[in-house]
2 protein chains.
Amino acid sequence: MKLNKLLNPKNICVIGASEKEGFGGDTVRNMMKYMDDMSRVYLVNPRRDEVFNIPCYKSINDIDDEIDLVIICTPQSTVEGILRDASKKGCGGAVVYASGYSELGTDEGRKREEDLKALCEELQIALMGPNCAGFVNYPNNTQAFAFISNDRDRKGSVGLISQSGQIGLSLMESPNMRFSYIISAGNSSIVTMEQYLDYLIDDEETKVVAMYLEGIKNAKGFEECLKKAAIKRKPIVVLKVGKSAKASEIASSHTGSLAGADRVYDAIFKKFGVIRVDDIEELLATSQMLSVFNKLPENSNFATMSLSGGETGVCADLGEINGLNYCDFSKKTMDKLNELLPSYATPNNPLDMTASLSYDAELFAEALRTVMYDENVGTVCVGYTLLQEIADNAIYYMAKGIEMVMQEENSKPVVIVPFLENTRNEEYLNQLENIGVPVMPPAGYAFKILRYLADFINYNPKNVDLELAIPDVKGTGSTALSEYESKKLIKAYGVPTPIEEVAKDVEEAVELSQSIGYPIVMKIDSVDILHKSDIGGVKLNIKNEEEVRKAFDEILHNAKTHKPDARIGGVLVQSMAKMGSEVIVGVSSDSQFGPSILCGLGGVFVEVFKDTSLCPVPVSKKEALSMITNLKSFKLLDGYRGNAKLDIDALADLIVSISDFAKDNKNTLKELDINPIFVYEKGLSAVDALVINYENIDGCESKNQEEKEYTLC
Amino acid sequence: MKLNKLLNPKNICVIGASEKEGFGGDTVRNMMKYMDDMSRVYLVNPRRDEVFNIPCYKSINDIDDEIDLVIICTPQSTVEGILRDASKKGCGGAVVYASGYSELGTDEGRKREEDLKALCEELQIALMGPNCAGFVNYPNNTQAFAFISNDRDRKGSVGLISQSGQIGLSLMESPNMRFSYIISAGNSSIVTMEQYLDYLIDDEETKVVAMYLEGIKNAKGFEECLKKAAIKRKPIVVLKVGKSAKASEIASSHTGSLAGADRVYDAIFKKFGVIRVDDIEELLATSQMLSVFNKLPENSNFATMSLSGGETGVCADLGEINGLNYCDFSKKTMDKLNELLPSYATPNNPLDMTASLSYDAELFAEALRTVMYDENVGTVCVGYTLLQEIADNAIYYMAKGIEMVMQEENSKPVVIVPFLENTRNEEYLNQLENIGVPVMPPAGYAFKILRYLADFINYNPKNVDLELAIPDVKGTGSTALSEYESKKLIKAYGVPTPIEEVAKDVEEAVELSQSIGYPIVMKIDSVDILHKSDIGGVKLNIKNEEEVRKAFDEILHNAKTHKPDARIGGVLVQSMAKMGSEVIVGVSSDSQFGPSILCGLGGVFVEVFKDTSLCPVPVSKKEALSMITNLKSFKLLDGYRGNAKLDIDALADLIVSISDFAKDNKNTLKELDINPIFVYEKGLSAVDALVINYENIDGCESKNQEEKEYTLC
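Residues numbered from 1 in each chain as written. Chains lettered and ligands numbered in written order. Predicted model: local features only at pLDDT ≥ 70, side-chain atom pairs only at ≥ 80, totals over all residues. Heavy atoms only, no water.

Enquirer: Describe the side chain of A:K234, naming the residues involved and giving the relevant values.
Expert: Residue and element names in this part refer to chain A. Here K234 lies in the loop between helix 7 (219-232) and strand 13 (236-240). D203 provides the closest opposite charge to the buried, salt-bridge-free K234, at an N-O distance of 5.9 Å. Of the polar contacts made by the side chain of K234, one reaches the backbone oxygen of D203; its length is 2.8 Å. (Helix = DSSP H or I, 4+ residues; strand = E, 2+ residues; numbered from the N terminus. Buried < 20%, exposed > 50% of the residue type's maximum accessible area, 1.4 Å probe, protein only. Lys, Arg positive; Asp, Glu negative; His and termini not counted. Salt bridge = Lys/Arg side-chain N within 4 Å of Asp/Glu carboxyl O. Polar contact = N/O pair within 3.5 Å; in protein donor to acceptor, adjacent residues only side chain to side chain.)

Dropping the structure here:
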């Protein structure tokens, strides 16, 4: 469904227009305050002749004009009739403030919302809400918003989409925020979050998309948006609550969205270069910063310049806490700074430029230039607490100096980092932001946000597979494959495994052992025994025929004793892989977004330190390599304590192979564990594997998929 | 030296009083604006008859009165003469704004400061500075401050000491900060940071001490202050830069303080319950919060109440990120909330109370009461963005509701957590803080600060040894002891070690082996070979006489081949300890603060994951236990994967023993490594140890110490 009539309408009709407080009154008040052209607005109220001196229609049917957008300020019970009437006027968009739908959490509420959705599809009306606060389109000066906020020019280039009306309103209240669009999406089941996102990614007035997201309805649509934005390099900044178990509960009770597992969201955002923030202030400041910049920094190195040693020390510490790279200055820069600074100052990055430069615009400009044009520097942070009430005039000279430099053709991005909250004089704030210099929140936030900036700059869409393997169907239940069957599947994708066969009887076991070559390993082969060692179902380092015979009997005996009902296929006879560093690679499948690959070092590293990487399928070779090198325990693979470096390249290849396997089987594969993989100086061996498939799959249509399923089931 | 005449003076004399901008003019302007009683202020300027209509003296000698404090606004060259003159008037305190001393980083500057210090000792004058901005004493209305800030009532109960004038000034500019004292200590080499700290800990008007600290001059004095504050439970909030290597460089170039190793500071702050913050905003907000509370929370459980699901989700996530404990509500609380909240709301902690309660003071008060008086709750966080310009009147009703509840006798602490920066309407801010409810900076800061609060509440001075083992002398150089000598020393403190003796020849080795009992371990005994394994100087699992003979020859041969000059004492014959979990315990000595104990699990846990605990000596048993249980890898000792729980108690005893050893040898011990210690289900064994002493010790006077040194040298 196209959103143009909804979000960029020509003629608008307000149903329930009024002069009272409330939806009808506040919507009209907002329109009158901010819209230049009220001639394209029609007001409807059966009980009024005029509202605020504007003539009022009894019904939408009385209007003799086309209507693009209808804003419904009246209660839930009136909505259906109004939509039907509006449709006759060519209406293609509606805003519904009324609540009483799925957010009630009742069956009745959900039913009402489904009926409303069906009606909108029938009438081809893009409906915002229900249970929303509406929207503002700033470039086109269109107001369809239910709440009054302070009188302020908010026109800018951040497009905001929020599933919470309160958060949208909060951001409007910040004097530091400028918008292209504000969209309070409400229940967002008719026009969905990903449809708004798609619209704003295409919108040329929107430089940055900011989102408060509780959950996604259409994973495929979401994927396509993220891909488009990644290729365009249009920043998306997302606040998605649900990191904690408690937040997940709240989000699902709030608008009824089903929050996907949180770590999967994290991994998807990383894949597509989406900036995920932790709170509302970060959402505001990150998106505002990106929208203010005249251009993005060319690299992720930072330099800071502050007026005192204490502030410079804070910049140094917070830079380290947030992993920022303060590059060393070149000799040329150092020499020039030595000329400019007082004799007792030492030029370093972070730079304590002392207060002496801040009362001379020319001198300050020269110092800024010196730091900025250092070949290594990407962004300059000027540390200065811009107070509300200016008692000291340093900022006058500094702002002037900054302006001189920002006018130069090759100037690089500059941000102002204050050290205290509740600051930011509005006049200077605007003056600085108008020349492309964002004024950040205080240092604790600022340096964290610069970390986001660095990640965004370092992100390269060419290094990743810009796709997800979203399942076409919904699987339930689970059914495990034996180790032998599991490994056969991954071997077909090129994963190195030990030589192995299942022996039905002891003679076959002896024969197999001889053809494979001693030493060998023997394991019980049964889909019903997943933890083979625990029941004495594994024998290692078997060196001759006698031992084979003994092991065969013992394994079968143990299995029958411990699990009398288990279906037994025989005994797996396997070449014994030489020991290597243990690595785990696994797959887990999210019902919305499909399989992701996990990798980590075996044992305590995964279990105690939770040191794992996660990446949604498909995983490119570069993504696989960065999954490995981003592990804290990567050092252990990379020549730890004089040991040889292990074959990271082979491990990355294995991850890519498993990604291919998971992608091909996205509808059927529920879980996969390859544990352990022995990684060597050259090559590796997947010693054990376990595939768990969904037991039931509904509505599978793809022939190709069915074939794949067959090989797995 | 007493600080009363400096910080709480009766008569004050301003040298260089003037009407111009600058030190002399601004100091007098500050006095005239804020001091009730100018009759106790004498102005001196040889070139004026009056300043701002106040009669002016040509010289301090002309004043016919006692002078407690002299504020010297004139240049460095005049300081000495003025101090001598002032001394004749009974002066006991001086503020010196002038720079030109040690902060220059030159020998001349340092010499000048030493001379000034000697003069102050001679005259018994407590001198603030030099190179400082002065101080304000709010309870006594005394201004001795060099810079003008906005006109505002700042009287409160935070005592601030700052080694940076800029940071002091910044905090004054915040509308949210109320002080008992502001002290800009400058170079702080005459009256030192720890002396100001001592004064404020004793000061009854000061509820909280806030400090910007670059380094400490007198470790012993600092220790005594921290101990006193810990016992009194008076909060000290410290911003100490130097976490990063870059910040350390800056701090030492700034005022010439020698920053101790940063991790040692961290460990000392933890021992004494000092709150360490990461930036200026945290320093402000943490100390202001603690000063506003009517009383401290009784436990570290939190409950949050916000107006929307989105905000509640942010509270949940940031609570988890900061490790806050949101307790479950009792059934009684849940039932009551179900009555109060709209039907679609679910009562949980964090609580989304929906916007519906925020326009009815009585109802809001009842909801707050319900949450507050839940038996598990310690502090209630009300999530609400208090805007500068109030467009929505919810805060009117909420503030009223909060006030009703805060008046009740058993009310518990409440904080307001906003979600956006640049907010905080001053009228409501004051209204709320006057009833004991701090308004925090936005959520990213607020929840981190509540973590500090939780740690402060959970701190119990009774669990720690409130001391440091500060060395009396300064050691340099280093000299290693052999494994045998090292272990003899720690064995004397009760540390279990294998049975061992040094064999001078092979026959002695055979004899020893037999008396110890096989299997044994043999190692080269030499103070010149610290890495014995690397040169083939260790043989394990020796089972009989023949092997002993062979090992003896090989070890000596290897040692002589690889290190021909090494002094060799023989071969150490040792009972072979059975394998256990490997733990490392070590000591490292800080030249200012003395020895600290480090502990961690052996190998990669220490080396790759840097998973270690550090505690300054002396370490109490409770401190030792928490050092162990705070390790991330503690799980591995505590019954990991069905293994037996290991003997944590014995390990804590070992740590305490090593602490005793390090305390007794604080002047001589440079480093100690016990690596590995095998920890068992019952007991443990320190298998290898290495003591490194200082080679040279200057000025040791303690007889006791000398004896101890003898045993070590």
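Enquirer: Account for helix 22 (residues 648-664) of chain B, naming residues and giving values.
Expert: Here helix 22 of chain B spans 24 Å end to end across 17 residues, near enough to the 24 Å set by a 1.5 Å rise per residue. Turning to helix 22 of chain B, its buried residues number three or more, namely B:I648, B:A650, B:L651, B:A652, B:L654, B:I655, B:V656, B:S657, B:I658, B:S659, B:F661 and B:A662. (Expected span 1.5 Å × (residues − 1).)

Enquirer: Now, about the packing of aromatic side chains: what can you tell me, with residues and values included?
Expert: In this structure the tally under the stated criterion is 29 aromatic pairs over all chains. Ring plane angle 40° and centroid distance 5.8 Å describe the contact between B:Y265 and B:F269, whose orientation is recorded as tilted. Taken as a pair, B:Y265 and B:F269 lie in helix 9 (residues 262-271) at a separation of four residues, close to a single helical turn. In this structure B:Y265 comes out as buried when scored by relative accessible area, which is 0%. The exposure class of B:F269 is buried, given its relative accessible area of 1%. An aromatic cluster of at least three residues, connected via ring pairs, comprises A:F23, A:Y97, A:F145 and A:F147. Residue placement shows B:K240 over the ring face of B:Y265; its charged tip is 4.5 Å from the ring centre. Here the basic side chain of B:K578 rests over the ring of B:Y680, its NZ or CZ set 4.0 Å away from the ring centre. (Phe/Tyr/Trp six-rings, centres within 6.5 Å; stacked < 30°, edge-to-face > 60°. Lys NZ or Arg CZ within 6 Å of the ring centre and 35° of its normal.)

Enquirer: A description of the pattern of salt bridges should follow, citing residues and the corresponding values.
Expert: Residues and elements named next belong to chain A. Under the definition given, this model contains 78 salt bridges over all chains. Its salt-bridge partner being D107, residue R110 comes within 2.9 Å of it at the nearest N-O pair. With a gap of three residues between them, R110 and D107 both fall in helix 4 (residues 107-123), about one helical turn apart. Overall, D107 belongs to the exposed group, its relative accessible area being 60%. With its nearest N and O atoms 2.7 Å apart, the salt bridge here joins R451 to D455. Linking R451 with D455, this pair stays in helix 16 (residues 443-458), spanning four residues, or about one helical turn. Assessed through its relative accessible area of 22%, R451 is described here as partly exposed. Taken together, the salt bridges that share partners define one network made up of E483, K487, E500, K523, K532 and D688.

Enquirer: Outline the interface of chain B and chain A, supporting the account with residue identities and numerical values.
Expert: If you look at the interface, chain B gives 81 residues, while chain A gives 82 residues. The junction of chain B with chain A conceals about 6500 Å² of combined surface from both sides, 58% of it contributed by carbon and sulfur atoms. Joining chain B to chain A, the criterion identifies two salt bridges. Between B:E607 and A:R641 there is a salt bridge whose closest N-O contact spans 2.9 Å. Counting the contacts that link chain B with chain A gives 12 residue pairs in polar contact (both at pLDDT 80 or more). Of all the secondary structure elements, the ones that give two or more residues to the side of chain B that touches chain A are helix 5 (165-173), strand 13 (236-240), helix 8 (245-255), helix 10 (280-292), helix 11 (309-321), helix 16 (443-458) and helix 20 (604-607) of chain B. At 11 residues, the largest contribution of residues to the side of chain B that touches chain A is made by helix 11 of chain B. (Contact = heavy atoms within 4.5 Å. Buried area = accessible area lost by both parts, 1.4 Å probe.)

Enquirer: Go over helix 12 (residues 331-340) of chain B with me, naming the residues and quoting the values.
Expert: All names here are of chain B. Within helix 12, the full set of buried residues consists of T333, L337 and L340. For helix 12, the angular spread of buried residues about the axis comes to 60°, placing them on one side. Counted as exposed and oriented over 90 degrees from the buried face of helix 12: K331, K332 and E339. Its buried side turned inward, helix 12 meets strand 17 (351-352) and helix 13 (361-372). (Arc of directions from axis to C-beta.)

Enquirer: Tell me about the relation of the copies chain B and chain A, and name the residues and values.
Expert: With an RMSD of 0.1 Å, chain B superimposes on chain A once it is rotated by 180° and translated 0.0 Å along the axis. These values place the two chain copies in the arrangement generated by a two-fold rotation axis. Comparing interface residues between copies, 100% of those in chain B also lie at the interface in chain A; the contact surface is shared. (Least-squares fit on C-alpha atoms with pLDDT ≥ 70 in both.)

Enquirer: Explain the confidence of the model for chain A to me, and be specific about the residues and the numbers.
Expert: Residue and element names in this part refer to chain A. Chain-level statistics for chain A give a pLDDT mean of 91 and a share of 95% at 70 or above. Here residues 255-260 scores under 50 on pLDDT; set against residues more than four positions off or in separate chains, the count is 19 contacts. Every residue in residues 701-713 is under pLDDT 50, and counting partners more than four places away or in other chains gives 21 contacts. Across the assembled chains, the prediction reports ipTM 0.91 with pTM 0.93. (pLDDT = per-residue confidence, 0-100.)

Enquirer: Hey, could you go over the sheet that holds strand 2 (residues 41-44) of chain A for me, with residue numbers and the actual values?
Expert: Residues and elements named next belong to chain A. In spatial order, the strands read 3-4-2-1-5-6-7; together these seven strands make up an open sheet with mixed pairing. With one partner strand each, in any of the chains shown, strand 3 (50-51) and strand 7 (126-128) form the two edges of the open sheet. Of the pairings in the sheet, the one linking strand 3 to strand 4 (residues 54-57) comprises two bridges and is antiparallel in character. Bridge pairing in strand 4 places E50 opposite P55. (Pairing = 2+ DSSP bridges.)

Enquirer: How would you sum up the sheet that holds strand 6 (residues 93-96) of chain B? Please name residues and give values.
Expert: All names here are of chain B. What the seven strands build is an open sheet, ordered 3-4-2-1-5-6-7; its pairing is mixed. Edge strands, defined here as strands with exactly one partner in the open sheet, are strand 3 (50-51) and strand 7 (126-128). Bridging between strand 1 (residues 12-15) and strand 2 (residues 41-44) involves four bridges; their strand directions are parallel. Paired with V14 across the bridge in strand 2 is L43.

Enquirer: Hey, could you go over the nonpolar core for me, with residue numbers and the actual values?
Expert: When a protein is soluble and globular, its nonpolar side chains tend to lie buried together. Ranked by internal contacts, the top residues of the largest apolar core, which has 102 residues, are A:F447, A:L450, B:F447 and B:L450. Of all hydrophobic cores here, the second largest spans 92 residues; its members include A:V587, A:M627, A:L651 and A:L672. (Core = buried A, V, L, I, M, F, W, Y, C linked by side-chain atoms within 4.5 Å.)

Enquirer: Pulling in residues and values, what's your account of the environment of B:P75?
Expert: Here B:P75 lies in the loop between strand 5 (69-72) and helix 3 (79-88). With 597 residues separating them in the primary sequence, B:P75 and B:L672 have C-alpha atoms 51 Å apart.

Enquirer: Got a sec to walk through a negative patch on the surface? Specific residues and values, please.
Expert: Together, B:E501, B:D505, B:E508 and B:E511 line one region of the surface with negative charge. Mapped onto the fold, B:E511 is located in helix 18 (residues 506-516). (Patch = residues over 30% accessible without salt bridge, like charges linked within 9 Å, V, L, I, M, F, W, Y side chains within 5 Å. Areas by Shrake-Rupley, 256 points an atom, 1.4 Å probe, with all protein chains shown as cover. Charge placed at Lys NZ, Arg CZ, Asp CG, Glu CD.)

Enquirer: An account of the environment of A:L684 is requested, with residue identities and associated values reported.
Expert: Residues and elements named next belong to chain A. Following the sequence through the fold, L684 ends up in strand 30 (residues 684-686). Expressed as a C-alpha distance, the spacing of L684 and N131, which sit 553 residues apart in the sequence, is 56 Å. Residues in contact with L684, not counting those within four places in the same chain, are P496, A650, L651, L654, I677, F678 and V679.

Enquirer: Please provide a residue-by-residue account of the pairing of strand 4 of chain A, values included.
Expert: Residues and elements named next belong to chain A. With two bridges connecting them, strand 2 and strand 4 associate as parallel partners. Opposite V44, over in strand 4, you have Y57 as the bridge partner. The turn joining strand 3 and strand 4, which pair antiparallel and follow one another in sequence, is formed by two residues; a positive phi near 50° is taken by F52.

Enquirer: With reference to specific residues and values, describe unusual backbone geometry.
Expert: In the segment running from B:N349 into B:P350, the intervening peptide bond is cis, with an omega of 0°. Its location among the elements puts B:P350 in the loop between helix 12 and strand 17. With an omega of -5°, the peptide bond between B:Y518 and B:P519 qualifies as cis. Looking at the element boundaries, B:P519 is found in the loop between helix 18 and strand 23 (520-525). Even without a glycine there, the phi angle at A:Q124 is positive, about 55°. Along the chain, A:Q124 turns up in the loop between helix 4 and strand 7. In this structure, B:R641 takes a positive phi of about 50° despite not being glycine. By the element assignment, B:R641 lies in the loop between helix 21 (621-629) and helix 22.

Enquirer: Go over the state of the cysteines, please, and point to the residues and values.
Expert: If you walk through the whole model with that rule in mind, you get zero disulfides over all chains. Free cysteine A:C91: the closest other cysteine sulfur is in A:C13, separated by 8.5 Å. Residue classification places A:C91 among the buried residues on the basis of a relative accessible area of 4%. Unpaired in this structure, B:C599 has its nearest cysteine sulfur neighbour in B:C615, at a distance of 10 Å. (Disulfide = S-S within 2.5 Å.)

Enquirer: Outline the packing of helix 10 of chain B against helix 16 of chain B, supporting the account with residue identities and numerical values.
Expert: All names here are of chain B. Contact geometry for helix 10 and helix 16: axes closest at 10 Å, N-to-C directions at 55°. When the axes of helix 10 and helix 16 are compared, the pair comes out oblique. For the crossing formed where helix 10 meets helix 16, the hand is right-handed. Residues E281, E282, A285, T286, M289 and L290 of helix 10 touch helix 16, and the partners they reach there are Y445, K448, I449, L450, Y452 and L453. Taken together, the residues of the contact of helix 10 with helix 16 break down into eight nonpolar, one polar and three charged. (Axes fitted to C-alpha atoms, helices over the stretch in contact; angles between N-to-C directions. Parallel < 35°, antiparallel > 145°, perpendicular 65-115°, else oblique. Left-handed = near helix turned anticlockwise from the far one by under 90°. Nonpolar A, V, L, I, M, F, W, Y, C, P; charged D, E, K, R; others polar.)

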